[in-house]
Amino acid sequence: FKIKKVKMKNLFSGKKFLSINRDINFYNLQNTKIKLQTLILSGGALFPPKEIFEIVKNNKNHKFILVLGPFFRNLKKKYNNHENLEIIIDPKNYFELIKESQNVICRFGVSIYEILALGKTPYVWKFGEKEERLEEIEELSKKGIINLTSDYPNKKNMKTRLVNVG
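Reference entry: report on the structure contained in this document. The model shown is predicted, which means the values in this text are computed figures rather than measured ones.

**Observations concerning the nonpolar core**
Here is step 1 of the chain: By size, the foremost hydrophobic cluster in this structure holds 21 residues, and its most contacted members are Leu39, Leu41, Ile98, Ile112 and Val124.
Here is step 2 of the chain: For this core, the leading source of residues is helix α4 (residues 94-100), giving three residues.
Here is step 3 of the chain: Apart from the residues within four sequence positions on either side, Ile98 is in contact with Leu39, Leu41, Val104, Ile115, Leu118 and Lys120.
Here is step 4 of the chain: The next biggest cluster of nonpolar side chains, apart from the first, holds 16 residues, and it includes Phe53, Phe64, Leu68 and Ile105.

Below, the structure is given as structure tokens:
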């Protein structure tokens, strides 16, 4: 068995490159009306930590949408106990939800790069992250590329800050 090396001019791979869904280009061409809502993305098989639900609880006058992967279908009723929280399981309009949301809260991973590619600055949580990932999160935060959930507007400064972020 022999592996053939093929040189392609339009193919990039390795640790210096990131592959994201090319449909993002389509969503960037659309005019999207921003809704006064915050989208919470936990990743395909992860559930947000309790600290994220504290943000929801402390901002009762603001709408939140929690997007969960298909593995959470049976948990929707159990966790939908906040009046200002809507839970969506495995949405087909994932990029549209990101594009139309005023703010996006997420875990560190590929989704932050998708959010950035859609022209949004995400709020990233650090809860439960490993040291290497924490260093990357801190570096991106220092450079102003991402926000941290610790900087997310609270109910005292919600009206002034929510309009100006993201």
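**Things to note about helix α2 (residues 50-58)**
Here is step 1 of the chain: Taken as a whole, α2 has its buried residues at Ile52, Phe53, Ile55 and Val56. With its buried residues spanning 150 degrees around the axis, α2 presents them on a single face.
Here is step 2 of the chain: Contacts made by the buried residues of α2 are with β1 (35-41), β2 (63-68), β3 (85-89), β4 (101-107) and β5 (123-125).

**With respect to helix α6 (residues 131-142)**
Here is step 1 of the chain: The terminal C-alpha atoms of α6 lie 16 Å apart, and with 12 residues this matches the ideal 16 Å at 1.5 Å per residue to within 8%.
Here is step 2 of the chain: Following α6 by one or two positions, Gly144 has its phi on the positive side, about 80 degrees.

**Points about the sheet that holds strand β6 (residues 147-148)**
Here is step 1 of the chain: On the basis of which strands lie adjacent, the open sheet formed by six strands has the order β3-β2-β1-β4-β5-β6 and parallel pairing. The open sheet has two free edges, formed respectively by β3 and β6, since each of these has just one partner strand.
Here is step 2 of the chain: Sheet analysis places β4 next to β5, joined by three bridges and oriented parallel. Bridge pairing in β5 links Cys106 to Val124.
Here is step 3 of the chain: Running at roughly 155 degrees to β2, α2 makes contact with β1, β2, β3, β4 and β5 of the sheet.

**Comments concerning the pairing of β4**
Regular strands place their side chains on alternate faces of the sheet.
Here is step 1 of the chain: Along β4, six of the seven residues are buried, which leaves the element largely enclosed by surrounding structure.
Here is step 2 of the chain: Pairing of β1 with β4 involves five bridges; the strand directions are parallel. Bridge assignment links Ile40 to a residue of β4, and that residue is Ile105.

What counts and how
- Residues numbered from 1 in each chain as written.
- Predicted model: local features only at pLDDT ≥ 70, side-chain atom pairs only at ≥ 80, totals over all residues.
- Heavy atoms only, no water.
- Core = buried A, V, L, I, M, F, W, Y, C linked by side-chain atoms within 4.5 Å.
- Buried < 20%, exposed > 50% of the residue type's maximum accessible area, 1.4 Å probe, protein only.
- Helix = DSSP H or I, 4+ residues; strand = E, 2+ residues; numbered from the N terminus.
- Contact = heavy atoms within 4.5 Å.
- Arc of directions from axis to C-beta.
- Expected span 1.5 Å × (residues − 1).
- Pairing = 2+ DSSP bridges.
- Axes fitted to C-alpha atoms, helices over the stretch in contact; angles between N-to-C directions.

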